[in-house]
Amino acid sequence: MDVRIAKVRKEFDRFPALHDVSLDIHSGELIALLGPSGSGKTTLLRLIAGLEMPTDGRIFFGDIDASEKTVQERNIGFVFQHYALFRHMTILENVSFGLKVRPRSSRPPAGEIRRRAMELLDLVQLSGLEKRYPNQLSGGQRQRVALARALAIEPGVLLLDEPFGALDAQVRRELRKWLREIHDRTGHTTVFVTHDQEEALELADRLCVMSQGKIEQVGTPDAVYDTPSSPFVFGFIGESSELPVTIGSNELLLDGRSVGLPASSGTSGPARLFFRPHDVELTDDDAALAGEVTASRRVGGTRRVEIEIGNNGQKVEIDLPFDHPAGQRSRISFRPRRWRLFDVKPQA
Amino acid sequence: MARNFRSPTDESQPVQLLLIGLSLTFMALFLVLPLWAVFTEALKEGLGVYIASLQTPDAQSAIRLTLLVAAIAVPLNVVFGVCASWAIAKFEFKGKAFLITLIDLPFSVSPVISGLVYVLLFGAGSVLGPWLKSFGIEVLFAVPGIVLATIFVTFPFVARELIPLMQDQGTGDEEAALSLGANGWQTFWRVTLPNIKWGLLYGVLLCNARAMGEFGAVAVVSGKIRGQTTTMPLQVEMLYNEYNGAAAFALASLLALLALVTLVLKSVLEWRFGDELAASGGRH
Amino acid sequence: MAATSLKRAGWRLKQPSVIPGFGLTLGFTIAYFSLIILVPLIALGLHSAGLGLVGFWAAATDARVLGALRVSFTTALFAAAVNVVFGTLIAWVLVRYRFPGRRIFDAIVDLPFALPTAVAGIALTAIYAPNGIIGQLVAPLGWRIAYTPVGIVIAMIFIGLPFVVRTIQPILEEVSREVEEASATLGANRLQTITRVLLPSLTPAILTGFALAFARGVGEYGSVIFIAGNIPFVSEIAPLLIVIRLEEFNYTGAAVIASVMLLISFALLFAINLIQAWSRRRYGYGA
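Residues numbered from 1 in each chain as written. Chains lettered and ligands numbered in written order. Predicted model: local features only at pLDDT ≥ 70, side-chain atom pairs only at ≥ 80, totals over all residues. Heavy atoms only, no water.

Here is the rule we go by: UniProt positions are given in the numbering used here, feature names are shortened, and annotations may be inferred rather than shown by experiment.
Under an unreviewed UniProt entry, the name given to chain B is Sulfate transport system permease protein CysW, and the source organism is Devosia limi DSM 17137. UniProt lists a comment for chain B under the heading Subunit (unreviewed entry), and it reads "The complex is composed of two ATP-binding proteins (CysA), two transmembrane proteins (CysT and CysW) and a solute-binding protein (CysP)."

In the annotation of an unreviewed UniProt entry, the entry for chain A reads Sulfate ABC transporter ATP-binding protein, and the organism field reads Devosia limi DSM 17137.

Printed below as a string of structure tokens:
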């Protein structure tokens, strides 16, 4: 099912949490709401679920305006960060709950409920644990029960709030892969909230990067990573280095010297240069970014070098092969292979 | 657009009001009304009678005895409470859980039985009573019996307040103090005691309220000798049974005031130092 | 060296620790407990045991004793049942809703812990006696509250209420909103969430509160005797019968009733511990 969010605004006690957010979620896609804490991503998820009501704006499920519907009527599956399993119920009872509380007219017979719950437990690879209580399971198992429980009501949309946030790194990675598999198998429209960019990049079909109650950029992981649309996105997704530069007649200038990068359009004046530390090339050319190595450390298969550039002592980081001799030199010249220019931050 | 939306975890306004109304009515009827009755009945015949009835020699002696009994029983139970919680919270030993259960035992004993056991132990038919009497020591129908019965019923108050608190605090602070060269006493006085002072005060408050107000256990051992072995609650009963309602309620109003002061101090402690009280605070 | 390693293998009372004072504090604790609690209780046990099994049985099944026990237990049962309903409600309202005076009402819940039982007893009697403020209201209907078993129940409600509220309150505070939201997202309406999710998760606490209030009611003396009427077989409670036996210098008779009551309260205490252990093991939280 498509989900369309149209100019939704949300205020808590007059404090704005979301500013006129619009987003189209395509049927069957796995989309990540990514942002730092306080960016409004969880609020947006809860608005879709109907756990909160928007101050303004509408939310459509398919062609139907769901804005006025209660959470019960929306038929969504919600997975909570801390699982929110019912501790006094067995795993089987947890998964069956959504079907058992249906009104008599639409409630499947008991045998059918049990069959479906067992099927779901099989799907989440928890067969044989149906008589256990949540307290007797590990964190990863609990999260899988939470997912099975949410799927049991055959939701139109599956919503996950930081689903792996409370798990340790190893389990996180396993569950991530596994969630992708489940999604590919069941095809639910899925929205999940995370603050972990690695998780979002690996798992999602599309990312929706949020900051301060606004959507910064929506796109595929490649598009967002390769062509970030704002300094925030550049800084938030992946690693980045930033330098203040000036746009000259045809090229970029640092402290009045050319850095060997062409400037595209007719705009001129101060600007912010962004590039990825690993996406640089060393050069002997005079027109380059040059500076003194102030720190150097081995990071996995590469060497991360910190360089002080320009008169104001701006520090940037670049990656070199770990055995590259330049890593030891005190002076280095380089040019980013790919870069982006942004306007100087407007005064807030 | 902010429709009449209700969060899925809230009841509707009318339901909330109904439930609040029901609860408060119940509490007003069963808790507030008796308190109100004590003071209105006490002042029914005017302030003059009220003050006069508190100034009778019997009332004065009951007040003095109640203060004396509390002044003995509470400190003893404080020493016990601190010792027990030190042993239980700072060490791991076999039978600890059982010991904790034992300490709570007096709570599940009827006050009358708490008095009765001392009657059986020191009464006329016992071995101990006549033997002590031969040395001129009277326990039963005398102050020592009243003190013993009071200690029995207030036994767990301080300990059960301190045990969870000290268990929460662990042994880190004490180990640090010891590693810095402090000896055991210094560690207790300078490190442990400051950590538990509010919890201790809380326990003392509840212990004291119960010690001054205990009726059943004391009634059994006191013999109710007017002016000698009647505590305030016993004096209240005697006056009430003599159809001297105003005097009974006058004395009762002092005890009710004590209860109110206890509640206020207790709430202040919970409100102000909630973090430094045990998680189970308020459960007795 | 050899000695310590040998010791390690053997039975040991306590784990090693650098903190001093174990012997002193545990020794004092056990000595004080023995003197104040244990020895007197043993005296009671010996006194009853002196009767022999047959004698004990005969004394315990005396008609008046049975009558008093019946009165104590049935009234305590009623009071605990009322307290479970209203105690749960009050705990709910105090935890969930915000209204003016909430703090004050929260503090007042503990009044029965702080107010001496004799004071509560005469105050309740003054209210519910036929000429009292509530007694007057029901008297024209031909109802009597004071000096009947109903009065006993009322006194027991008074003294038992905080046990229920204070047992449920902390558990209710811990229930996360997420669980209720989860229930709502699965399609449950508010009533279903309350009856199927919230109340069952409170069951161990409710049971514990019930048992505590019940045990307290059974043993209660001071607040009950004034309002009870104390008519044998009708409104004479077991603790009062103990006092009556003592006044008759029938120490053995008193000891027998006390032993029966103690056995029952220890059984209750045991049941409470079982509930909590079971709840902790299965659900991961106590009560």
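Now that the structure is up, let's keep going.
A look at the overall build of chain B
We count it as follows: Only DSSP runs of H or I reaching four residues or more are called helices, and only runs of E reaching two or more are called strands; each is numbered from the N terminus. Type-normalised accessible area, obtained with a 1.4 Å probe on protein chains alone, sets the label of each residue: buried when under 20%, exposed when over 50%, and partly exposed for intermediate values. Note on contacts: a residue pair qualifies if any of its non-hydrogen atoms lie within 4.5 Å across the two residues. We get accessible surface area from the Shrake-Rupley algorithm with a probe of 1.4 Å; when it comes to residues, only the shown protein chains can shield them.
From N to C terminus, chain B includes 13 helices and zero strands. Helices and strands in chain B line up, N terminus first, as α-α-α-α-α-α-α-α-α-α-α-α-α. For chain B, the spread of C-alpha atoms along the principal axes amounts to about 75 × 60 × 30 Å. Burial statistics for chain B: of 284 residues in total, 55% are counted as buried. Taking all contacts inside chain B whose residues are at least 6 apart in sequence as the whole, residues at least 24 apart take part in 73%. If you sum the accessible surface of chain B, you get close to 11,900 Å²; carbon and sulfur atoms cover 66% of it.

Regarding the packing of aromatic side chains
Cut-off, in case you're wondering: For this analysis, a ring pair means two rings from Phe, Tyr or Trp (six-membered ring only for Trp) whose centres lie within 6.5 Å, classed as stacked if their planes differ by under 30 degrees, edge-to-face if by over 60, and tilted for the remaining angles.
In total, this model carries 31 aromatic pairs over all chains according to the counting rule given. Ring geometry for A:Phe232 and A:Phe236: centres 5.3 Å apart, planes at 10°, overall stacked. Linking A:Phe232 with A:Phe236, this pair stays in helix α9 (residues 231-236), spanning four residues, or about one helical turn. With a relative accessible area of 18%, A:Phe236 lands in the buried category. Centre to centre, the rings of B:Phe215 and C:Tyr221 are 5.7 Å apart; their planes meet at 15°, and the pair counts as stacked. Taken together, the residues B:Phe215 in the loop between α10 (184-213) and α11 (216-222) and C:Tyr221 in the loop between α11 (190-219) and α12 (222-228) connect one chain to another. With a relative accessible area of 0%, B:Phe215 lands in the buried category. Exposure remark for C:Tyr221: the relative accessible area of 3% places this residue in the buried category.

Side note on the nonpolar core
The test is simple: Remark: nonpolar core denotes a set of buried residues (Ala, Val, Leu, Ile, Met, Phe, Trp, Tyr, Cys) joined through side-chain atoms within 4.5 Å.
Grouped together as the largest cluster of nonpolar side chains are 200 residues, with contacts concentrated most on B:Ile103, B:Ile113, C:Leu44, C:Leu115, C:Tyr128 and C:Ile242. Sorting elements by how many residues they give to this core places helix α4 (residues 63-96) of chain C first, with 16 residues. Ignoring any residue separated from it by four or fewer positions in sequence, one finds C:Ile242 in contact with B:Val112, B:Ile113, B:Leu116, C:Ala254, C:Ile257, C:Ala258 and C:Met261. With 42 residues, the next largest nonpolar core counts A:Val95, A:Leu121, A:Leu207 and A:Val209 among its residues.

Description of helix α5 (residues 111-122) of chain B
Cut-off, in case you're wondering: Multiplying one less than the number of residues by 1.5 Å gives the expected span of a helix.
For α5(B), spanning twelve residues, the distance from its first C-alpha to its last is 17 Å, which sits close to the expected 16 Å at 1.5 Å a residue. Where burial is concerned, most of α5(B) is hidden: twelve out of the twelve residues are buried.

Some words on unusual backbone geometry
Within the chain, A:Glu162 stands out as a residue other than glycine whose phi angle is a positive 40°. Residue placement: A:Glu162 occurs in the loop between β7 (157-161) and α6 (169-186).

Observations concerning the layout of surface pockets
Summary: where empty space remains is shown by rolling a probe the size of a single water molecule over the atoms. Heads up, the condition is: A cavity here means a set of points on a 1 Å grid, drawn over the protein atoms and nothing else, where a 1.4 Å probe fits but cannot get out; a pocket is an open set with protein on both sides within 12 Å along at least five of seven lines, and a residue lines either one if it has an atom within 4 Å of a point. Grid points are joined across faces, edges and corners, and a volume is the space filled by probe spheres set on the points. Residues are sorted three ways: Asp, Glu, Lys and Arg are charged, Ala, Val, Leu, Ile, Met, Phe, Trp, Tyr, Cys and Pro are nonpolar, and all the rest, Gly among them, are polar.
Its volume calculated, the second largest pocket comes out at about 520 Å³. Lining the second largest pocket are 21 residues, with B:Tyr240, B:Tyr243, B:Phe249, C:Thr125 and C:Tyr147 positioned closest to its centre. Of the residues forming the lining of the second largest pocket, the biggest block, four residues, is contributed by helix α12 (residues 232-241) of chain B. Here the lining of the second largest pocket is built from residues that sort into ten nonpolar, six polar and five charged.

Quick word on the side chain of B:Ser126
Residues and elements named next belong to chain B. The condition that has to hold: In the analysis that follows, any N or O atom pair within 3.5 Å is treated as a polar contact, provided that within protein one partner can donate a hydrogen and the other can accept it, and provided that, for residues neighboring in sequence, both atoms belong to side chains.
Along the chain, Ser 126 turns up in the loop between α5 and α6 (128-133). For Ser 126, a relative accessible area of 13% corresponds to the buried category. At 3.0 Å, the side chain of Ser 126 and the backbone oxygen of Leu 121 are in polar contact. Apart from residues no more than four positions distant in its own chain, Ser 126 is found in contact with Leu 120 and Leu 121.

A look at the pairing of strand β10 (residues 214-219) of chain A
Let me state the cut-off plainly: Following DSSP output, two strands are said to pair if at least two bridges run between them.
Bridge count between strand β9 (residues 206-211) of chain A and β10(A): five bridges; the pairing is antiparallel. What sits directly across from A:Val209, in β10(A), is A:Gln217.

Regarding the interface of chain B and chain C
For clarity, the cut-off: A pair is scored as a salt bridge if a Lys or Arg side-chain nitrogen falls within 4 Å of a carboxyl oxygen belonging to Asp or Glu.
Counting residues at the interface gives 87 residues for chain B, matched by 93 residues for chain C. Along the contact surface separating chain B from chain C lie three salt bridges. The partner of C:Arg177 in a salt bridge is B:Asp10, with the nearest N and O atoms 3.4 Å apart. Remark: the boundary between chain B and chain C carries 15 residue pairs in polar contact (both at pLDDT 80 or more). The element best represented in the side of chain B that touches chain C is helix α1 (residues 13-42) of chain B, accounting for 19 residues. Tallied by class, residues from the side of chain B that touches chain C come to 60 nonpolar, 16 polar and eleven charged.

Some remarks on the pattern of salt bridges
Scanning all chains against the criterion turns up 49 salt bridges over all chains. Between B:Glu11 and C:Arg190 there is a salt bridge, with its nearest N and O atoms 2.6 Å apart. Here C:Arg190 lies in helix α11 and B:Glu11 lies in the segment before α1, a pairing that spans two chains. Relative accessible area serves as the criterion here: at 7%, B:Glu11 is assigned to the buried category. Ionic pairing is found between B:Arg226 and B:Glu242, a salt bridge with its closest N-O pair at 2.2 Å. Taken as a pair, B:Arg226 in the loop between α11 and α12 and B:Glu242 in the loop between α12 and α13 (245-273) lie far apart in primary sequence, 16 residues in all. On the basis of relative accessibility, which here comes to 42%, the residue B:Glu242 falls in the partly exposed class.

As for the side chain of A:Ser211
Following the sequence through the fold, A:Ser211 ends up in strand β9. If we skip the residues at most four places from it in the chain, A:Ser211 touches A:Ser39, A:Glu216 and A:Phe232.

Some remarks on the UniProt feature "domain: ABC transporter" (unreviewed entry) in chain A
Here the UniProt-annotated "domain: ABC transporter" (unreviewed entry) positions come out as residues 3-237 of chain A. Taken end to end, residues 3-237 of chain A comprises 37% helix and 26% strand; its first and last C-alpha atoms sit 25 Å apart.

Here's the deal with the UniProt feature "transmembrane region" (unreviewed entry) in chain B
The UniProt feature table records "transmembrane region" (unreviewed entry) at residues 15-39, 65-89, 109-132, 139-159 and 246-265 of chain B. For residues 65-89 of chain B, the end-to-end C-alpha separation is 35 Å, with 100% helix and 0% strand making up the annotated structure.

Here's the deal with the sheet that holds strand β11 (residues 241-247) of chain A
Adjacent strands of a sheet pair through backbone hydrogen bonds, lying either parallel or antiparallel. Residues and elements named next belong to chain A. This is how it is decided: The angle between two axes is taken between their N-to-C directions and runs from 0 to 180 degrees, where each axis is a line fitted to C-alpha atoms and a helix contributes only its stretch in contact.
Pairing in this open sheet of five strands is antiparallel, and the strands run β13-β12-β11-β14-β20 from one edge to the other. Both outer strands of the open sheet, β13 (257-262) and β20 (339-343), are each paired with one neighbouring strand and no more. Between one strand and the next, the sheet's axes are offset by a mean angle of 45°, whatever the strand orientation. Across two bridges, β11 lies against strand β12 (residues 251-254) in antiparallel orientation. Each bridged residue has a counterpart across the sheet, and for Thr 246 the counterpart in β12 is Leu 253.

Looking at the domain arrangement of chain A
Where interface size is given, it is often the accessible area lost as the parts come together that is meant. Residues and elements named next belong to chain A. The line we're drawing: The start and end points of each domain follow an automatic or database-based domain assignment. By convention, the term buried area covers the 1.4 Å-probe accessible surface removed from two parts as they join, with the contributions of both added.
Domain annotation for chain A reports domain 1 (3-231) and domain 2 (241-343). Taken over C-alpha atoms, the centre of domain 1 sits 41 Å from the centre of domain 2. At the junction of the two partners, domain 1 supplies seven residues and domain 2 supplies seven residues. With both sides pooled, the region where domain 1 packs onto domain 2 buries about 560 Å², and carbon together with sulfur makes up 53% of that total. The interface formed by domain 1 and domain 2 holds zero salt bridges in total. Our count for the contact surface shared by domain 1 and domain 2 stands at three residue pairs in polar contact (both at pLDDT 80 or more). Taken together, the residues of the side of domain 1 that touches domain 2 sort by class into three nonpolar, three polar and one charged.

Some remarks on the sheet that holds strand β1 (residues 3-12) of chain A
All names here are of chain A. Across the sheet, which stays open at both edges, the four strands sit in the order β2-β1-β4-β5 with antiparallel pairing between neighbours. With one partner strand each, in any of the chains shown, β2 (15-25) and β5 (64-65) form the two edges of the open sheet. In terms of strand pairing, β1 meets β2 through seven bridges, oriented antiparallel. Residue pairing across strands places Val 8 opposite Val 21, the latter belonging to β2.

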